[in-house]
Amino acid sequence: MEHFYVITNPTRDSQQKTAGFIRKYLEGRGKTCFVDAGTPKTGGEGYTYQIQAGGQADCILVLGGDGTLLQAAIDLAARDIPFLGINMGTLGFLTEVNQSGIEDALENLIQGKYQIEKRMMLCGKSYHSEGIMDQARALNDIVITRKGSLEIINFNIYVNGQFLHRYHADGVIASTPTGSTGYNLSAGGPIVEPKAEVILLTPICPHSMHNRSIVLSPRDKVTVEIERHRDGRELAVEAIFDGCHKVTLRTGDRIEVKKSEKTTEIVKLSQVSFLEALHRKLSD
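What comes next is a walk through the structure.

What counts as what
Residues numbered from 1 in each chain as written. Predicted model: local features only at pLDDT ≥ 70, side-chain atom pairs only at ≥ 80, totals over all residues. Heavy atoms only, no water. Helix = DSSP H or I, 4+ residues; strand = E, 2+ residues; numbered from the N terminus. Rg over C-alpha atoms; globule rule 2.2 N^0.38 Å. Buried < 20%, exposed > 50% of the residue type's maximum accessible area, 1.4 Å probe, protein only. Contact = heavy atoms within 4.5 Å. Areas by Shrake-Rupley, 256 points an atom, 1.4 Å probe, with all protein chains shown as cover. Lys, Arg positive; Asp, Glu negative; His and termini not counted. Charge placed at Lys NZ, Arg CZ, Asp CG, Glu CD. Core = buried A, V, L, I, M, F, W, Y, C linked by side-chain atoms within 4.5 Å. Polar contact = N/O pair within 3.5 Å; in protein donor to acceptor, adjacent residues only side chain to side chain. Pairing = 2+ DSSP bridges. Axes fitted to C-alpha atoms, helices over the stretch in contact; angles between N-to-C directions. Left-handed = near helix turned anticlockwise from the far one by under 90°. Nonpolar A, V, L, I, M, F, W, Y, C, P; charged D, E, K, R; others polar.

### Observations regarding the overall build of the protein chain
Along the backbone of the protein chain there are five helices and 19 strands. Expected size for 284 residues packed as a compact globule is a radius of gyration near 19 Å; at 20 Å, the protein chain falls within 12% of this value. With the principal axes as the frame, the protein chain shows a C-alpha extent of 65 × 40 × 30 Å. For the protein chain, the residues scored as buried account for 51% of the 284 residues in total. The long-range share in the protein chain, meaning contacts at least 24 apart out of those at least 6 apart in sequence, stands at 66%. Accessible surface computed for the protein chain: about 13,800 Å², of which carbon and sulfur atoms make up 47%. Side-chain charges in the protein chain split into 32 positive and 34 negative, and the spacing between the mean points of these groups amounts to 1 Å.

Dropping the structure here:
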């Protein structure tokens, strides 16, 4: 690898000390390195990232937590550049390098001592009566949940056009294997090896005696259709992509979720297996 692009979370690396160390180290080894502290999102929390046209990068180093890497993966999915996450937060499943291991990690990248895993992504298209209104990708999950009020929502789920179930719940999570250790896990969903290719559906606090996740093929298309409230009022819910991108859905609207044609490439330096890493995370 010769060209590096560093994305740093300005709240975790406020003075860019870590990003500056990485740039100095790489340039000292004859490599090129550009640092991006992000652009604040318009009308929302967090930052967005975009490599300028013509910019070269063999690897994107992400300084922050899983949230920073997820945002970067969404913004830069079309570039097909592998990511290495450097954890400057707390619990991280995507950011495998700690601050104390940065120098060793950079050496491994320079010497070609790494592997690249391709992770499945989801694509979500939202529709209202006049047609498509939004489209976005997610590496972890797409969460359809109530907006504002604390009342439950009613929605129908179809798989490949066939009716599956009508839910009364706080929402539903459509997750990738990578996202299985996120909100899906907190909601009682299964943990899936991240290199697998399946779509997980996990209801959020359903008003039912049945609270089970459903594991679907990556070839399936899931449709979530928003119904009226039990008393006939219209409902407003949100579809949230990796906690970053949000779109409002109302009664009669629907969102279609399927496997994206894009993948996220994750650089793996450690020989530690997923199960061993999972054991360590769950034991913290």
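Resuming the write-up.
### Some details on unusual backbone geometry
Located in the positive-phi region is asparagine 160, a residue other than glycine, with phi close to 55°. With respect to the helices and strands, asparagine 160 occurs in the loop between β11 (153-159) and β12 (162-169). In this model, cysteine 205 sits at a positive phi of 45°, which is unusual for a non-glycine residue. In this structure, cysteine 205 sits in the loop between β14 (199-204) and β15 (214-216).

### Things to note about the nonpolar core
Ranked by internal contacts, the top residues of the largest apolar core, which has 28 residues, are Ile144, Phe155, Val224 and Ile255. A total of four residues in this core trace back to one element, the largest contributor, which is β11. Core analysis: the next-biggest nonpolar cluster, separate from the first, contains 23 residues, Leu61, Ile86, Leu106 and Leu269 among them.

### What to know about the environment of asparagine 184
Topologically, asparagine 184 is positioned in helix α4 (residues 183-186). Remark: the alpha-carbon pair of asparagine 184 and alanine 174, spanning ten residues in sequence, is separated by 8.2 Å. The contacts of asparagine 184, once residues within four sequence positions are left out, are Ile173, Ser175, Gly179, Gly189, Pro190, Leu200, Thr202 and Ser213. Reaching out from asparagine 184, the side chain makes a polar contact with the side chain of threonine 202 at a distance of 2.6 Å.

### Quick notes on the sheet that holds strand β13 (residues 171-175)
Strand order in the open sheet formed by six strands is β15-β14-β13-β10-β17-β18, with antiparallel pairing between adjacent strands. The two strands at the open ends of the sheet, each matched to only one other strand, are β15 and β18 (245-250). Taken pair by pair, the neighbouring strands of this sheet meet at an average axis angle of 20°, ignoring direction. Where strand β17 (residues 236-241) lies against β18, six bridges are found, and the strand directions are antiparallel. The residue of β18 that forms the bridge with alanine 236 is arginine 250.

### Let's talk about the packing of helix α1 (residues 17-28) against helix α3 (residues 102-111)
Put simply, α1 and α3 touch, their axes get as near as 11 Å, and they point 40° apart. Considering only the axes of α1 and α3, their crossing is right-handed. Where α1 abuts α3, its residues Thr18, Phe21, Ile22, Tyr25 and Leu26 lie against Ile102, Glu103, Leu106, Glu107 and Ile110. Tallied by class, residues from the contact of α1 with α3 come to seven nonpolar, one polar and two charged.

### Overview of the side chain of asparagine 140
Relative to the elements of secondary structure, asparagine 140 occurs in the loop between β9 (131-138) and β10 (141-146). The exposure class of asparagine 140 is buried, given its relative accessible area of 13%. For asparagine 140, the residues in contact, after removing those within four places along its chain, are Leu70, Ala174, Ser175, Thr176, Thr178, Gly179 and Asp242.

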